[in-house]
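One-letter residues, chain by chain:
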Amino acid sequence: MIECEDSIVRTQAQVATTGQSGIRLKRISPAIGVEVSGIDLRQPLSAAQAGELRQALVAHKVLVLRAQNITAGQHVAFARCFGELERHPVLPPHPDHPELVLLGGNHKMPGTENVYHTDVSWRETPSMASILRCVECPEVGGDTVWINMELAYEKLPEARKQQIAKLFAVHDILPSFGARMTPEEQAQARAKYPPVVHPVVRTHPESGKKILYVNETFVTHFANFTAHFDSFRSANEIHAQQQDLMAYLLRQPAILEYQMRLRWEPDTIVMWDNRATQHYAVQDYFPAVRRMHRATVIGDKPF
């Protein structure tokens with residue numbers, strides 16, 4: 001496994017380290033993220049390279065690869081090294097590669113990804129990872145922020161951890177994507193993608209670490225709040241305490257110490273672990289245009 005050097009006496013700009021396949025990692029922030037070099041994605045990925053990248057993904061959660069001038073087909077081939085790819089039911093697909101979705105607004109309509117979220121948590125089996133390639137970006141603005149939700153859980157007070165240990169939350173596609181649909185399409189989406197229930201604290205299937213797994217884009221409410229708290233005096237009190245707890249949890253991604261922030265350049269590729277992160281696309285560049293292609297690797301049911 002490739003490991004970044006960590007030492008209390010070192011500066012935050014960590015020394016890059018090299019794995020057996022020649023891949024180099026350099027830390028972006030103390031909390032999350034590494035820049036990856038020593039790899040050319042125009043070439044087929046070896047088993048050793050794929051293994052080292054996956055280990056780095058689990059350890060650091062966000063991998064940034066600069067100056068990767070690849071085709072859409074090469075983007076798909078790279079993503080497939082990590083698992084089966086999903087097809088999104090709402091976002092527009094690439095005309096030749098339906099596994100890629102096309103993200104971004106235009107000079108008349110801004111993008112709408114400026115909210116903290118985890119991709120497709122409304123699925124019964126949410127994604128393992130997303131792989132985003134910058135096609136076009138503004139000269140200034142349009143950064144993306146990623147948040148380490150494993151760290152967000154770790155830093156919670158012990159009383160909060162105990163309070164949410166057995167809670168589940170409802171994730172729903174319609175609050176976010178319903179506005180893009182006709183009533184008929186909404187009915188079809190509701191039938192095909194009913195609300196799902198996931199644990200508020202999920203366990204990473206590879207690292208075994210606990211992760212705070214609620215996001216403001218797709219989570220609507222707790223599924224079993226009253227089953228674990230029996231000291232309420234009224235229905236109003238139950239409702240208020242649920243709202244207060246959910247609001248508290250949804251504020252955690254905004255803590256800067258859990259974050260990294262990336263300035264995009266064309267041909268930058270970012271791969272992130274959707275199980276352990278949230279992200280936020282800063283909408284500060286309209287009417288300039290930012291266009292992205294995203295592949296998403298299918299994951300497993302949270303537990």
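Everything here concerns the structure above.
Trainee: Explanation requested: the sheet that holds strand S7 (residues 144-148) in the structure shown.
Mentor: What links the strands of a sheet is backbone hydrogen bonding, and the strands pair in either a parallel or an antiparallel sense. As summarised here, the arrangement of the three strands in space is S13-S7-S15, forming an open sheet in which the pairing is antiparallel. Each edge of the open sheet carries a strand with a single partner, namely strand S13 (259-262) and strand S15 (277-281). Neighbouring strand axes in the sheet, compared pairwise and without regard to direction, differ in orientation by 20° on average. Here S7 pairs with S13 via four bridges, running antiparallel. By the bridge assignment, Trp146 is partnered in S13 with Met260.

Trainee: Explanation requested: the side chain of Ser29 in the structure shown.
Mentor: For Ser29, the location among the structural elements is in the loop between strand S2 (24-27) and strand S3 (34-37). Judged by its relative accessible area of 9%, Ser29 falls in the buried class. From its side chain, Ser29 meets the backbone oxygen of Gln259 in a polar contact 3.2 Å long. Excluding residues that lie within four positions of it along the chain, Ser29 makes contacts with Gln259 and Met260.

Trainee: Would you explain the pattern of salt bridges in this entry?
Mentor: A side chain with one charge can pair with a side chain of the opposite charge if their charged atoms come near. This model, assessed by the stated rule, comprises 17 salt bridges. One salt bridge connects Glu206 with Arg54, and the closest N-O pair in it is separated by 3.1 Å. Here Glu206 is found in the loop between strand S10 (201-203) and strand S11 (210-212), whereas its partner Arg54 is found in helix H1 (residues 47-60), with 152 residues between them in sequence. Residue class for Glu206 comes out partly exposed when judged on its relative accessible area of 39%.

Trainee: I'm lost on the pairing of S2 in this one. Help?
Mentor: Within a regular strand, side chains alternate between the sheet's two faces. Burial of S2 is one-sided: the residues Leu25 and Arg27 facing one way are buried, the residues Arg24 and Lys26 facing the other way are not. Linking S2 back to S3 in an antiparallel pair, the connection comprises six residues, with Gly33 at a positive phi of about 95°.

Trainee: Looking at this structure, how should I read the environment of Ala295?
Mentor: Tracing the sequence through the fold places Ala295 in strand S16 (residues 291-298). Ala295 sits in the buried class, given a relative accessible area of 0%. Sequence separation of Ala295 and Val145 is 150 residues, and the distance between their C-alpha atoms is 18 Å. Among all residues touching Ala295, those that are not within four sequence positions of it are His75, Ala79, Glu99, Leu100, Ala129, Ser130 and Ile131.

Here is what the cut-offs are and how they apply
Residues numbered from 1 in each chain as written. Predicted model: local features only at pLDDT ≥ 70, side-chain atom pairs only at ≥ 80, totals over all residues. Heavy atoms only, no water. Pairing = 2+ DSSP bridges. Helix = DSSP H or I, 4+ residues; strand = E, 2+ residues; numbered from the N terminus. Axes fitted to C-alpha atoms, helices over the stretch in contact; angles between N-to-C directions. Buried < 20%, exposed > 50% of the residue type's maximum accessible area, 1.4 Å probe, protein only. Polar contact = N/O pair within 3.5 Å; in protein donor to acceptor, adjacent residues only side chain to side chain. Contact = heavy atoms within 4.5 Å. Salt bridge = Lys/Arg side-chain N within 4 Å of Asp/Glu carboxyl O.

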